[in-house]
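Chains, contacts and geometry: an overview
Spelled out from the first residue to the last, the chains are:
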Amino acid sequence: RNLLPPARRWACSPLAWWTCFARRLVSPRRIYWNAPDTTSMFQSAGMLALDGRCKTLDAAASGYVRGEACVSLLVWSSSSSLGGMDGFAALRATSVNQDGRSSSLTAPNGPSQQEAVRSALRLAGLPPQELDMVQMHGTGTSLGDPIEVGALSAVVLGASCTSARSPLVLTAGKSGTGHTEPAAGLLGVSKALLGLSQADCLPILHLRLVNPHVSSALSMAEKHGGGLGTSCLMPREGSSLPLGPAS
């Protein structure tokens, strides 16, 4: 459960240390072929949504949905030239962390997630209040989503914020694509890039009523943030949210 996927971390670290060629193609993929046993095992363990809908942040979240994807990103150093072609975005920092001790395989570790977020912001030299949008892991589970929102809100919306900020936009790609497992991180990056290219934050599908545990985590952050404009926005199906030029 990382802030940024290991494939991207692997691609970018050598660029930062000048130990590789100027460009790298990152391309994780997930194609299931004929492996029904794994899906059957996850279903028996109660990990998958019976209705085949990933309901990120929703009170009716009942498990995740498996998906397939192949994603490729071309990453190069800002000091190199790629035939005069401009990139979609600048990647300022990456961070990878391990869950550590948790109660079960499907239960994430909130403090470990907090440290991943803090590390990425620190390496990027970015104050929490300048973060406009977060592309969440957002698997659509009743336990994982509130823990992730709690970790994000503790770092981005909590006591570490010392000045007022605009509402933070939370979004997640798995509501539309399912969880593509090894490819999930870069699929989320692609969705974020699509939103940036359109100056629009794409909606979370199937979000009807926010999980009360998610609302509780956000309320706690607002309380500890001293009322410095710490609310969140969650774009829903049939609507979208415009992103500013600095997002």
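Computed from a prediction, not measured in an experiment: that's the story for all the values here.

1. Structural notes on the environment of Val134
Within the secondary structure, Val134 sits in strand S5 (residues 133-135). With a relative accessible area of 9%, Val134 lands in the buried category. Separated by 58 residues in the primary sequence, Val134 and Ala192 place their C-alpha atoms 8.5 Å from one another. Contacts of Val134, omitting those with residues within four sequence positions, involve Leu152, Leu168, Val169, Leu170 and Thr171.

2. Details of the pattern of salt bridges
Following the criterion strictly, the structure yields 3 salt bridges and no others. Here Arg66 ties to Glu181 by a salt bridge, and the two come within 2.9 Å at their closest N and O atoms. Residue Arg66 is located in the loop between helix H2 (36-44) and strand S3 (69-70), and its partner Glu181 is located in the loop between helix H5 (174-177) and helix H6 (184-197); the two are separated by 115 residues in the primary sequence. For the pair shown, Arg66 and Glu181 are each scored as buried. Measuring nitrogen to oxygen at the nearest pair gives 3.8 Å for the salt bridge that ties Glu115 to Arg122. Owing to a relative accessible area of 54%, Arg122 belongs among the exposed residues under this scheme.

3. Topic: the nonpolar core
Core analysis: the biggest nonpolar cluster contains 26 residues, and Leu57, Met136, Val149, Leu168, Leu170 and Met234 have the highest contact counts within it. Within the residue set of this core, elements represented by two or more residues are helix H3 (110-124), helix H4 (144-157), strand S6 (168-171) and helix H7 (212-224). A per-element tally of this core places H4 first, with 5 residues. Among residues more than four places away in sequence, those in contact with Leu170 are Val134, Met136, Val149, Leu152, Ile204, Cys232, Leu233, Met234 and Pro235. Counting residues in each nonpolar core, the second largest holds 6 residues, with Leu73, Ala183, Leu186 and Val189 among its members.

4. A short note on the confidence of the model for the chain
Across the chain, the average pLDDT comes to 79, with 74% of residues at 70 or higher. Per-residue pLDDT stays below 50 along residues 17-22; that stretch engages in 11 contacts with residues further than four places along the chain or on separate chains.

5. Things to note about the sheet that holds S6
Ordered in space as S5-S6-S8, the 3 strands form an open sheet in which the pairing is parallel. Among the strands making up the open sheet, the edge pair consists of S5 and strand S8 (232-233). Here H4 sits on the sheet and contacts S5, S6 and S8; the angle it forms with S6, its principal contact strand, is near 160°.

6. Quick look at the packing of aromatic side chains
Per the counting criterion, the structure on display carries 1 aromatic pair. Centre to centre, the rings of Phe42 and Tyr64 are 6.4 Å apart; their planes meet at 55°, and the pair counts as tilted. Remark: Tyr64 occurs in the loop between H2 and S3 and Phe42 occurs in helix H2; sequence separation between them is 22 residues. Each member of the pair, Phe42 as well as Tyr64, is classed as buried.

7. Here's the deal with the packing of H3 against H4
Where H3 contacts H4, the two axes come as close as 9 Å, and the packing angle between them is 40°. On the basis of the axis angle, H3 is oblique to H4. Handedness of the H3/H4 crossing: right-handed. Here Gly110, Gln113, Gln114, Val117, Arg118 and Leu121 of H3 come into contact with H4, specifically with Ile147, Glu148, Ala151, Leu152, Ala154, Val155 and Val156. Considering only residue class, the contact of H3 with H4 consists of 8 nonpolar, 3 polar and 2 charged.

8. Details of H4
Helix length check: H4, at 14 residues, gives a terminal C-alpha distance of 19 Å against a target of 20 Å (1.5 Å per residue), a fit within 8%. With respect to burial, H4 is a largely interior element, 11 of its 14 residues being buried. All buried positions along H4 are accounted for by Gly144, Asp145, Pro146, Glu148, Val149, Ala151, Leu152, Ser153, Val155, Val156 and Leu157.

Rules of the game
- Residues numbered from 1 in each chain as written.
- Predicted model: local features only at pLDDT ≥ 70, side-chain atom pairs only at ≥ 80, totals over all residues.
- Heavy atoms only, no water.
- Helix = DSSP H or I, 4+ residues; strand = E, 2+ residues; numbered from the N terminus.
- Buried < 20%, exposed > 50% of the residue type's maximum accessible area, 1.4 Å probe, protein only.
- Contact = heavy atoms within 4.5 Å.
- Salt bridge = Lys/Arg side-chain N within 4 Å of Asp/Glu carboxyl O.
- Core = buried A, V, L, I, M, F, W, Y, C linked by side-chain atoms within 4.5 Å.
- pLDDT = per-residue confidence, 0-100.
- Pairing = 2+ DSSP bridges.
- Axes fitted to C-alpha atoms, helices over the stretch in contact; angles between N-to-C directions.
- Phe/Tyr/Trp six-rings, centres within 6.5 Å; stacked < 30°, edge-to-face > 60°.
- Parallel < 35°, antiparallel > 145°, perpendicular 65-115°, else oblique.
- Left-handed = near helix turned anticlockwise from the far one by under 90°.
- Nonpolar A, V, L, I, M, F, W, Y, C, P; charged D, E, K, R; others polar.
- Expected span 1.5 Å × (residues − 1).

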